[in-house]
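So you can see what is in the structure, the chains are spelled out below.
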Amino acid sequence: MRVNPFQKKELLRQRKARMRHALMNVDGRILEMLERLKLSGWKLCLISNADVIDCMYWKESPLFSCFDKALFSCRERLLKPDVRIYQRAMQYMNCTPEQSIFIGDGGSDELRGAENAGMKTVFTEYLERKPEERRRELMKEADWHITDIAELPGIVGEKIFSPGPGFEP
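Residues numbered from 1 in each chain as written. Predicted model: local features only at pLDDT ≥ 70, side-chain atom pairs only at ≥ 80, totals over all residues. Heavy atoms only, no water.

Colleague: Which parts of the structure should I look at to understand the pairing of strand β3 (residues 101–104)?
Modeller: For a regular strand, side chains alternate in direction, first toward one face of the sheet and then toward the other. Note: β3 against strand β4 (residues 120–124), four bridges, orientation parallel. When the sheet's bridge partners are listed, I101 is paired in β4 with K120. Each parallel crossover has a hand, and the one from β3 via helix α5 (residues 110–116) to β4 is right-handed. (Pairing = 2+ DSSP bridges. Helix = DSSP H or I, 4+ residues; strand = E, 2+ residues; numbered from the N terminus. Right-handed = clockwise from strand over helix to strand, strands pointing away.)

Colleague: In this structure, what is going on with the environment of L23? I would like to understand it.
Modeller: Topologically, L23 is positioned in helix α1 (residues 5–24). Between the C-alpha atoms of L23 and E60, which are 37 residues apart in sequence, the distance is 7.9 Å. Aside from chain neighbours lying at most four places away, what touches L23 is D54, Y57, W58, S61, P62 and L63. (Contact = heavy atoms within 4.5 Å.)

Colleague: Please clarify how the pattern of salt bridges should be interpreted in this entry.
Modeller: Pairs can form between side chains of opposite charge whenever their charged atoms are close. Scanning all chains against the criterion turns up 16 salt bridges. Its salt-bridge partner being E128, residue K130 comes within 3.4 Å of it at the nearest N-O pair. Taking the relative accessible area as the measure of exposure, E128 reaches 46% and is therefore partly exposed. As a salt-bridge pair, R135 and E132 come within 2.4 Å of each other at their nearest N and O atoms. In this pair, R135 and E132 are both assigned in helix α6 (residues 132–141), three residues apart and thus about one turn of the helix distant. (Salt bridge = Lys/Arg side-chain N within 4 Å of Asp/Glu carboxyl O. Buried < 20%, exposed > 50% of the residue type's maximum accessible area, 1.4 Å probe, protein only.)

Colleague: Help me understand the sheet that holds β4, please; the structure alone is not making it clear to me.
Modeller: Hydrogen bonding along the main chain pairs the strands of a sheet, whether they run parallel or antiparallel. The strand order across the open sheet formed by three strands is β3-β4-β5, and the pairing between neighbours is parallel. Taken across any chain shown, the strands that pair with only one partner, and hence form the sheet edges, are β3 and β5 (144–146). If you compare each strand with its neighbour and ignore which way they point, the axes differ by 20° on average. Running at roughly 160° to β4, α6 makes contact with β4 and β5 of the sheet. (Axes fitted to C-alpha atoms, helices over the stretch in contact; angles between N-to-C directions.)

Right under this line is the structure:
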């Protein structure tokens, strides 16, 4: 199938619009939870397998102010699950794997990558429920599994650790 220049331009316009919409219309409960984590002293770093279009509207997104740092694969020249992107995030956040928690939906084998980097992992199905077989696979790679974002404080605050001595938010 051939795509003419007009079709290419239209596809690009639609993709940009879709990404802008996604970044501008973030679930309010997610924003609230990120702010709550920050106020509790957690440093937050986004790791995303993103291309140039995916991060084009990042600074306009309400998510931008929620994170201390964002690592986009197109800029870092690394993709999840490469351990080096997780290590780079920890380096930017000035923390160890023992002080780190990775939260993700399991795409791109990201949980395995975080686990290989020594991080604790939380598999979330808050935004998208996985088919049963895939869920079972991902749960093997995760330390915890949540279906509601409201479950996160219990994991972060009680089950893993509280930031210890020497940890400066």
